[in-house]
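Okay, here's what each chain looks like letter by letter:
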Amino acid sequence: MDVPNEVIHQSVRLRIMAALTALAPNEPGLDFGRLKKLTGATDGNLGAHIAALEKAGFIDVEKHFVDRRPRTTVTATSEGRKAFAKHVAFLKSVIGD
Amino acid sequence: MILVSIEKAEAAAALDDIETIVARVKQSRIYRNAGTMLILWGALCALGYVLTYLRPASANLFWAGIVIVGTIASLAVSVDRGPVTGRYKWRILAMLALIIGFGLIWSRLLGQMGWRETAAFWPTVFMFCYTVAGLWFGRLFVVLGIAITALTIAGYFWSGPALTLYMALVEGGGMMLCGFVMRRA
């Protein structure tokens, strides 16, 4: 039986992973502002959850400058995609889908 | 038993959450890509109307050039935004050919239109397509289509000899404005 992923299961992290894995692997990731809008998290909260996912190896975080402004772009790693897919499978198994 | 039902409810809520986020990301992607196209075609249309106002005798030449430049630029933008398959390219070209072909049948063959009718006709054809597409791809397309169609009809009746300049502002400016809004949505 599938098991839950404790890192991903937290609601903000689940939303982050859902947003990032909705993009194709060859697409550019989502920037911090966009993720903030999608997850409804505050700056500090989102930063902490991004750090947790990065530590788990589920996302890559890239900091760069666009028009002289700092921008943080986040992408899902292939490991993160697999972990998220397994977690979704677990959720579906719980509801008996 | 209570624990199981809570887990089920929690799992169902999490799956709903995922579905909502995925739908928003997909919508955002559609708007971002369409926004770029709208800005591109809005700028080209504005240019076309201004040139038509300045040299009405060469209007056909200007607009043929704008369609060619716009088509090439649209394909280039699509390629830049990810791998564009041959099939997708052909769909873009086929869609433009179908819309322009339909418009030409009415504006040149069946419609017997003067310059004023022609200037109002083409935007309404394209805006009709945006409105219909919006039923599937997002309400901003519907808003764009209906707003520009309404403003075009108003301009046809009340803008006098400045219709082409009015259309540069309404169609060109409206498309660009909507494009910027979509890119931020």
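Conventions used here
Residues numbered from 1 in each chain as written. Chains lettered and ligands numbered in written order. Predicted model: local features only at pLDDT ≥ 70, side-chain atom pairs only at ≥ 80, totals over all residues. Heavy atoms only, no water. Helix = DSSP H or I, 4+ residues; strand = E, 2+ residues; numbered from the N terminus. Contact = heavy atoms within 4.5 Å. Areas by Shrake-Rupley, 256 points an atom, 1.4 Å probe, with all protein chains shown as cover. Lys, Arg positive; Asp, Glu negative; His and termini not counted. Charge placed at Lys NZ, Arg CZ, Asp CG, Glu CD. 1 Å grid on protein atoms, 1.4 Å probe; cavity = no way out; pocket = protein on both sides within 12 Å on 5 of 7 lines; lining within 4 Å. Points joined across faces, edges and corners; volume = space filled by probe spheres on them. Pairing = 2+ DSSP bridges. Buried area = accessible area lost by both parts, 1.4 Å probe. Salt bridge = Lys/Arg side-chain N within 4 Å of Asp/Glu carboxyl O. Buried < 20%, exposed > 50% of the residue type's maximum accessible area, 1.4 Å probe, protein only. Phe/Tyr/Trp six-rings, centres within 6.5 Å; stacked < 30°, edge-to-face > 60°. Lys NZ or Arg CZ within 6 Å of the ring centre and 35° of its normal.

J.: Looking at this structure, how should I read the overall build of chain B?
T.: Helix and strand counts for chain B stand at six helices and zero strands. Element order for chain B, N to C, with α for helix and β for strand: α-α-α-α-α-α. Based on the C-alpha atoms only, the size of chain B along its principal axes is roughly 80 × 40 × 30 Å. By sequence separation, contacts in chain B at least 24 residues apart represent 66% of the contacts at least 6 residues apart. If you sum the accessible surface of chain B, you get close to 10,900 Å²; carbon and sulfur atoms cover 73% of it. Taking the 15 positively charged and 8 negatively charged side chains of chain B as two groups, their mean positions are separated by 14 Å.

J.: For this particular structure, what's the right way to read unusual backbone geometry?
T.: One can expect most non-glycine residues to show negative phi and most peptide bonds to be in trans. For A:Asp67, which is not glycine, the phi dihedral falls at a positive 50 degrees. Here A:Asp67 lies in the loop between β2 (59–66) and β3 (69–76).

J.: Looking at this model, I keep getting lost on the layout of surface pockets. Mind explaining?
T.: Leftover empty space is mapped by rolling, across the atoms, a probe with the size of a water molecule. Residue and element names in this part refer to chain B. Approximately 160 Å³ is the volume found for the second largest pocket. Forming the walls of the second largest pocket are 13 residues, and the residues nearest its centre are Leu144, Ala147, Gly174, Leu177 and Cys178. Sorting the residues of the lining of the second largest pocket by element identifies α5 (139–158) and α6 (163–184) as the ones contributing at least two each. Here the lining of the second largest pocket gets seven residues from one element, more than from any other, and that element is α6.

J.: What am I meant to see in the pairing of β2(A) here?
T.: Side-chain positions along a regular strand alternate between the two faces of the sheet. Residue and element names in this part refer to chain A. In this structure, β2 lies alongside β3, joined through eight bridges in antiparallel fashion. Paired with Phe65 across the two strands is Pro70, which belongs to β3. A loop of two residues connects β2 with β3, the two strands running antiparallel in sequence, and Asp67 in this loop sits at a positive phi of about 50 degrees.

J.: Would you explain the interface of chain A and chain B in this entry?
T.: Size of an interface, as often reported, equals the accessible area lost when the parts are brought together. Taken residue by residue, the interface counts 19 residues in chain A and 19 residues in chain B. Both faces combined, the contact of chain A with chain B buries some 1,700 Å², and carbon together with sulfur accounts for 64% of it. Run the count over chain A and chain B and you get two salt bridges. Between A:Glu27 and B:Arg29 there is a salt bridge whose closest N-O contact spans 2.9 Å.

J.: What exactly am I supposed to notice about the environment of B:Tyr53 here?
T.: All names here are of chain B. By secondary structure assignment, the location of Tyr53 is in helix α1 (residues 2–54). Given a relative accessible area of 41%, Tyr53 falls into the partly exposed group. Sequence spacing of Tyr53 and Leu96 is 43 residues, and the spatial spacing of their C-alpha atoms is 25 Å. Beyond its immediate chain neighbours, meaning those up to four positions away, Tyr53 contacts Pro161, Thr164 and Leu165.

J.: Explain the packing of aromatic side chains here, please?
T.: Two numbers describe a pair of aromatic rings. These are the distance of the centres and the angle of the planes. Residue and element names in this part refer to chain B. Evaluated as defined, the whole model comprises seven aromatic pairs over all chains. Between the aromatic rings of Phe157 and Trp158, the centroid separation amounts to 6.2 Å while the plane-to-plane angle is 55 degrees, which identifies the pairing as tilted. In terms of burial, Phe157 and Trp158 fall into one category: exposed. Of the aromatic side chains, those joined through ring pairs into one cluster are Tyr31, Tyr130 and Phe141. Over the ring of Tyr156 we find Arg116; its NZ or CZ atom is 5.8 Å from the centre of that ring.

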